[in-house]
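Here is how the chains run, residue by residue.
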Amino acid sequence: MDLILIYPPYMIALACIYIASVLKDKDTTSWFEELRVDMNIVKNISMEILDFYDTYKIDPQRGLQEDKIIPVMNKLPSKA
C-alpha cells in the first residue's frame, strides 16, 4: 500500500478516525471542520484503506472481520 508515500501520517490517522466514526455512527463533522482539513482527501484515503481490506480479504482470526468492513464500505461515499 503506497498511502504512506503519498500522504502525511496525520492525514492517514484522520482517515482512520473517520472510518471509526462512520462505523460507530458518530457525527464528527464539527470536529473535522475545526481541524480545517480537506474532507475529500480524508474520504479518498479512507476509501483506499477500505479497498485494500476488501481486496486482500483479512483473515477473521488475524484482523477485521468481513462483516465489519462491508457496513463501513456501504456508508462511505463512492470515489468520484
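Residues numbered from 1 in each chain as written. Predicted model: local features only at pLDDT ≥ 70, side-chain atom pairs only at ≥ 80, totals over all residues. Heavy atoms only, no water.

## Thoughts on the overall build of the protein
Of regular secondary structure, the protein possesses five helices and zero strands. Evaluated residue by residue, the protein yields a buried proportion of 28% over its 80 residues. Of all intrachain contacts in the protein linking residues separated by at least 6 positions in sequence, the fraction that spans at least 24 positions is 68%. Just so you have it, the protein exposes about 5,800 Å², and 54% of that area is on carbon and sulfur atoms. (Helix = DSSP H or I, 4+ residues; strand = E, 2+ residues; numbered from the N terminus. Buried < 20%, exposed > 50% of the residue type's maximum accessible area, 1.4 Å probe, protein only. Contact = heavy atoms within 4.5 Å. Areas by Shrake-Rupley, 256 points an atom, 1.4 Å probe, with all protein chains shown as cover.)

## Quick look at the packing of aromatic side chains
Counted under the stated rule, the structure contains two aromatic pairs. For the pair Trp-31 and Phe-32, a centre-to-centre distance of 5.1 Å together with 80 degrees between the ring planes defines the contact as edge-to-face. Assessed through its relative accessible area of 38%, Trp-31 is described here as partly exposed. Judged by its relative accessible area of 3%, Phe-32 falls in the buried class. An aromatic cluster is built from Tyr-18, Trp-31 and Phe-32, whose rings are joined through pairwise contacts. (Phe/Tyr/Trp six-rings, centres within 6.5 Å; stacked < 30°, edge-to-face > 60°.)

## Topic: the nonpolar core
Ranked by size, the top nonpolar core spans 18 residues in total, and within it Val-42, Ile-45, Ile-49 and Leu-76 carry the most contacts. Among the elements of the structure, helix H2 (9-23), helix H4 (39-55) and helix H5 (66-75) are those that each provide at least two residues to this core. The element that contributes the greatest number of residues to this core is H2, accounting for seven residues. Sequence-distant contacts of Ile-45, defined by excluding residues within four places in its chain, comprise Leu-3, Tyr-7, Met-11, Ile-12 and Ala-15. (Core = buried A, V, L, I, M, F, W, Y, C linked by side-chain atoms within 4.5 Å.)

## Observations concerning the UniProt feature "transmembrane region" (unreviewed entry) in the protein
Mapped onto this structure's residue numbering, the UniProt feature "transmembrane region" (unreviewed entry) falls at residues 6-23. Across residues 6-23 one finds 89% helix and 0% strand; the C-alpha atoms that close the span lie 25 Å apart. (UniProt positions renumbered as here; feature names shortened; annotations may be inferred.)

## Topic: H4
Here H4 is 17 residues long and its end C-alpha atoms lie 24 Å apart, about the 24 Å a rise of 1.5 Å per residue gives. Measuring from the side-chain oxygen of the N-cap residue of H4 to the backbone nitrogen of Asn-40 gives 3.1 Å; that N-cap residue is Asp-38. (Expected span 1.5 Å × (residues − 1). Polar contact = N/O pair within 3.5 Å; in protein donor to acceptor, adjacent residues only side chain to side chain.)

## Quick look at the side chain of Ser-21
Tracing the backbone shows Ser-21 in helix H2. Exposure remark for Ser-21: the relative accessible area of 6% places this residue in the buried category. A polar contact of 2.7 Å, which involves the side chain of Ser-21, links it to the backbone oxygen of Tyr-18. Sequence-distant contacts of Ser-21, defined by excluding residues within four places in its chain, comprise Lys-26 and Thr-28.

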